[in-house]
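For reference, the chains in residue letters:
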Amino acid sequence: MATVELRFSAQPEHVRTARLVAAAVARRARVDEALLDEVRLAVGEACSRAVGLHRSHGITAPVTVVLIEEEKAFSIEVADEVPGPGSEARATAGSSDAAPGGPIGSMDSETDGEGEDEMGLAVISGLVDDMEVRSGANGGVIRMTWPTKSAATVA
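Criteria and cut-off values
- Residues numbered from 1 in each chain as written.
- Predicted model: local features only at pLDDT ≥ 70, side-chain atom pairs only at ≥ 80, totals over all residues.
- Heavy atoms only, no water.
- Salt bridge = Lys/Arg side-chain N within 4 Å of Asp/Glu carboxyl O.
- Buried < 20%, exposed > 50% of the residue type's maximum accessible area, 1.4 Å probe, protein only.
- Helix = DSSP H or I, 4+ residues; strand = E, 2+ residues; numbered from the N terminus.
- pLDDT = per-residue confidence, 0-100.
- Contact = heavy atoms within 4.5 Å.
- Pairing = 2+ DSSP bridges.
- Axes fitted to C-alpha atoms, helices over the stretch in contact; angles between N-to-C directions.
- Polar contact = N/O pair within 3.5 Å; in protein donor to acceptor, adjacent residues only side chain to side chain.

### Comments concerning the pattern of salt bridges
Between side chains of opposite charge, a pair can form as their charged atoms come close. According to the stated counting rule, one finds 6 salt bridges in the structure shown. Across the salt bridge formed by glutamate 33 and arginine 27, the nearest N and O atoms sit 3.1 Å from each other. Residue glutamate 33 is classed as partly exposed on the basis of its relative accessible area, which comes to 48%. Residue class for arginine 27 comes out partly exposed when judged on its relative accessible area of 43%. The partner of glutamate 69 in a salt bridge is arginine 28, with the nearest N and O atoms 3.0 Å apart. Of this pair, glutamate 69 sits in strand β2 (residues 63-69) while arginine 28 is found in helix α1 (residues 15-28), placing the two residues 41 residues apart along the sequence. On the basis of relative accessible area, arginine 28 is assigned to the partly exposed category, the value being 48%.

Below, the structure is given as structure tokens:
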């Protein structure tokens, strides 16, 4: 299993680089050419979401993108470091900087940031058939998977 890891500071201008790297690695992993636009768009959306979460929560840690080439699948994990709901690292519910819900899957979209978060997840789920979203005390991860052409098909 080949793995490529990309870490970048939470700046919007780095999202384009992540998209380009993801498309190049997906092509090398033998993801069908017809799916490469979906890979680029989904990675761009996931990275933009992670950058937005880091910036809105004042987190200076880098966004991490892990590209994993397996025998019959290609996966990309985009990780943020925004603590999930219920973790001690988040602000308390009574404080003015507390965000209701969590960074992933929040159903309360009273603020623009949370509405954009939900919209980003909806866009990604429309682009990727196999998507998993996790959130915990150390942050959230969006894992997206695409099928690859088998070695027999390529030969």
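### As for the confidence of the model for the protein chain
Taken as a whole, the protein chain shows an average pLDDT of 82; of its residues, 75% reach a score of 70 or greater. Across residues 88-111, confidence stays below pLDDT 50; counting only partners more than four residues off in sequence or on other chains, it has 47 contacts.

### Regarding the sheet that holds strand β4 (residues 130-136)
Strand order in the open sheet formed by 5 strands is β1-β2-β3-β5-β4, with antiparallel pairing between adjacent strands. A strand with exactly one partner marks an edge of an open sheet, and here the two such strands are β1 (2-8) and β4. If you compare each strand with its neighbour and ignore which way they point, the axes differ by 15° on average. In terms of strand pairing, β2 meets strand β3 (residues 73-79) through 6 bridges, oriented antiparallel. If you follow valine 65 over to β3, its bridge partner there is valine 78.

### Section: the environment of serine 75
Counting through the fold element by element, serine 75 comes out in strand β3. Serine 75 gets classed as buried once you look at its relative accessible area, which sits at 0%. Along the chain, serine 75 and methionine 144 lie 69 residues apart, while their C-alpha atoms are 5.5 Å from each other. Once residues lying within four places of it in the same chain are set aside, the contact partners of serine 75 are Val66, Leu67, Ile68, Glu70, Arg143, Met144 and Thr145. Within polar-contact distance, the side chain of serine 75 engages the side chain of arginine 143 at 3.1 Å.

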